Structures are given as C-alpha cells and as structure tokens.
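Coordinate inspection notes
If you want the building blocks of each chain, they are given just below.
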Amino acid sequence: MTRRVGAVLSISVLALAANAKAEPIFLSRQYTRCITCHYSPTGGGLLTPYGRSLSRQELSTTGRSQPGHAAGNEEGFLWGVVGKGLGPLQLGLDLRPAHLKVDFGGPDVERDFFMNADLLAAVRIRNWTLYGEVGRRPLTEGSEIDSYEYWVAHQSEQGLGFRVGRFLPAYGVRVADHTAYTRAPLGFDTRDQVYGLELSQTWQHQLLQLSVSPGRADSILDDDGRQAFTATGRLQMDLNTRSVLVVSGLFRDASKLETRSGASGVAFGVALLRRVSLWTEADALWQQGVSGGPSYTLFGEAGFEAWRGIWLKFSPQLRTALGEESDGLERLAFELELFPRTHWNVDVSYYRDQNRRTDFVSKTFLAQLHLYL
C-alpha cells in the first residue's frame, strides 16, 4: 500500500509541475493577446520588458510607481540589479517551491518539493526572436537538468510570422493550470511540446496560427512509440477589447502505440467589469477505432479581483470518456491567487475530482510560492 501511495503521489507531483504561467484573467485589463506580455505567442514563459512593467504597474498590490516620481527598475531581472548592460538579451529566473497534499480516500499523502527552477532567456533584434529555457525537471525519482522549449521566430511588419523549434502548439485558451481538462487530456501538458513549424498571420482584430510537426519532442528523443505527425490550427477573433472568440482544431496521425485522433473546440472569454473575467471552452476529441461517441470536455473559469492583486477563481470542469458519455471525470477547482509585489506570486488551489461512473472522489490541495525574478 505504501508503494502504491508513493507512486500515485509521484505521479501527482509530475502532473502538477508547471512552467511560468499564462493568465487569461488579464483580459479584464483589456489585453487579449499573449504576445502583449510574453515572448511566446502561445503565452507562458519569459515576460517582455513591457510585460514586466505591467506586472508592477497593473497587477501587484504594492510597489506601483507614482506620477512625478522616478519609476526605477524594480520589475527588471533580479530587481534591476542585472540587465541594463545585457543589450538585447533578456533573462528571467522561475522558482516555484510548493506543498502538495492529496486525499485518495485513505491516509493523506503530503510532499514539499520544487515544481520549477528554470533560467529563461530571449534575444529580440528587430523582427527576430531567439528563445530558450533550461532548468530542473522533476522525475518520479529525483530530477534532471533539461530544456523543454527553444525556438527562433520572425514577425514581419505585415503581420506574417513563423516559428521553428520546440514549442507548445497553439490550441484553445492556455489557462494557467495545465492540469485543466482542456489542456493535459488533449495533449497540451507542460512536456507536450513538439518539434515543428508554426505559421501565423496577425491582423488588428484576428490572429491565425497553424503548426505542423513530426510529433511530440520527448517521443522523438526517447523513441517511446508515441511519435505521430501532428497539425494544429487556431483562430482568435477579438470581438472588442474585453471579449474574445477562439476556434481551434487538432489532428494527430497514428503512432506505433496509438491510433489516429483529433479534436476541435471553441472558447469564449469576456471581461464584464475591470475586476471580473469569464472564460469557457468546449472541445470534442475523437480517436479512430473507438466505438461510440467522442470524448467531450467542458471548462469554465470565473475570476474576480477582490482587491488589487488579490484574485479569487472558480473553475467547474467536465470530461467524458471516449465512447461512453456517462463515464469520465468532474472537477471543481477553487483558487486564491495573490500578487503582493512584482516578482512575487502566491497561489493556493483546491481540486475536487469525481469519477462519474464509480463516484470515487479525490481531493488535492496545492500551495505555491512563485518567484519570477
């Protein structure tokens, strides 16, 4: 029993390990595109200098510079002590100690661990961007130094762009919680980057992203039998400064271990007020050779800023099983997210997952201190 609990806990740790996150709640600040604050067009990872300044001026409870006073560079790399002499090179450190507690119906299991310890870097010269990351990757036993994202990109003045390297394909809405049913179950977890080519076209109110790839990067490197040609498409339409509609599609060819599959989905986000944001996403996943209907995923997230830098979030989610709509999982997620000052982020989350067929319930408590330096 002890070995079983330990194995389950190790899996939970790996599942919850995350990289620097993207936050769709910032739609309430009228930022509809990830690229506004992040180097990556799909969000997450290293912040641009503008994104860092917003983390101080718009998101943090304290530390905002006052009119008529020198702003300083507190939001810069290592509080601005290092960075001004680096030229076009931008650096970031992502540190995330965490406490995890899981209740599977028996004795609670707990663990303190480092979810992330990563160094991120980007160089942007004119319309070219070179991006990379290296850090500590948690394993079932121990950890290793690894890099999960690195690419080069170009964006023309006319809005046509491309990206080649290792990256997470654009699909749906990249919510901060990568264990959400619209991310990990669809193959968009933190280790599901592909080696591929992404083409994009940016207009004033639309963004089109298309990608093709020979398969998942780790599957190619490890030859685990899951390598399969993959293509994705995502169209984002900014209805106005506070509402967004997203349509996505995914195709995966057959691999040695899995049959051909695909998914399609639609997402909608709206900021009703400056302090309130709502996101919904619905996806259908099909797999060749599986009788019955597709697997359906429904996701909702409501975010409310109770006070500057203090966010309360609630997320109901549903995932049905392939071929059996009465089977699957239901989740209720509650989250308290604090941005006390630039570089500091405290996150406390509670998940209640219930099996729709057996009614078995698991409960997960996760507390994180996110230092983005």
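Residues numbered from 1 in each chain as written. Predicted model: local features only at pLDDT ≥ 70, side-chain atom pairs only at ≥ 80, totals over all residues. Heavy atoms only, no water.

The next thing to look at is the state of the cysteines. Evaluated as defined, the whole model comprises zero disulfides. Free of any disulfide, cysteine 34 has its nearest cysteine sulfur in cysteine 37, 9.0 Å distant. Owing to a relative accessible area of 31%, cysteine 34 belongs among the partly exposed residues under this scheme. (Disulfide = S-S within 2.5 Å. Buried < 20%, exposed > 50% of the residue type's maximum accessible area, 1.4 Å probe, protein only.)

Turning our eyes to something else, we now look at the environment of phenylalanine 299. Among the secondary structure elements, phenylalanine 299 is positioned in strand E13 (residues 295-307). Phenylalanine 299 sits 200 residues away from histidine 99 along the chain, and the two C-alpha atoms are 25 Å apart. In this view, phenylalanine 299 contacts Val175, Ala180, Thr182, Trp279, Thr280, Glu281, Ser315, Pro316 and Gln317; residues no more than four positions away in its chain are not counted. (Helix = DSSP H or I, 4+ residues; strand = E, 2+ residues; numbered from the N terminus. Contact = heavy atoms within 4.5 Å.)

One can expect most non-glycine residues to show negative phi and most peptide bonds to be in trans. A positive phi angle is found at arginine 126, which is not glycine, with a value near 55°. Inspection of the secondary structure puts arginine 126 in the loop between strand E2 (109-125) and strand E3 (128-138). You can call arginine 126 exposed: its relative accessible area is 79%. At histidine 343, a residue that is not glycine, the phi angle is positive and equals roughly 85°.

Those residues of helix H2 (residues 49-59) lying buried are Gly51, Arg52, Leu54, Ser55, Arg56, Glu58 and Leu59. In this fold, the buried residues of H2 make contact with strand E1 (89-103), strand E15 (324-341) and strand E17 (361-372).

The subject of this paragraph is the nonpolar core. Tyr39, Leu46, Ala122, Tyr131 and Trp151 are the most contacted members of the largest nonpolar core, which has 13 residues in total. Counting residues per element, the ones that place at least two in this core are E2 and strand E5 (150-155). Every residue in contact with tyrosine 39, bar those within four places of it in the chain, is listed here: Leu46, Leu47, Thr48, Pro49, Gln90, Ala122, Arg124, Thr129, Tyr131 and Trp151. Within the second largest apolar cluster, 10 residues are counted, among which are Val175, Ala180, Val244 and Ala271. (Core = buried A, V, L, I, M, F, W, Y, C linked by side-chain atoms within 4.5 Å.)

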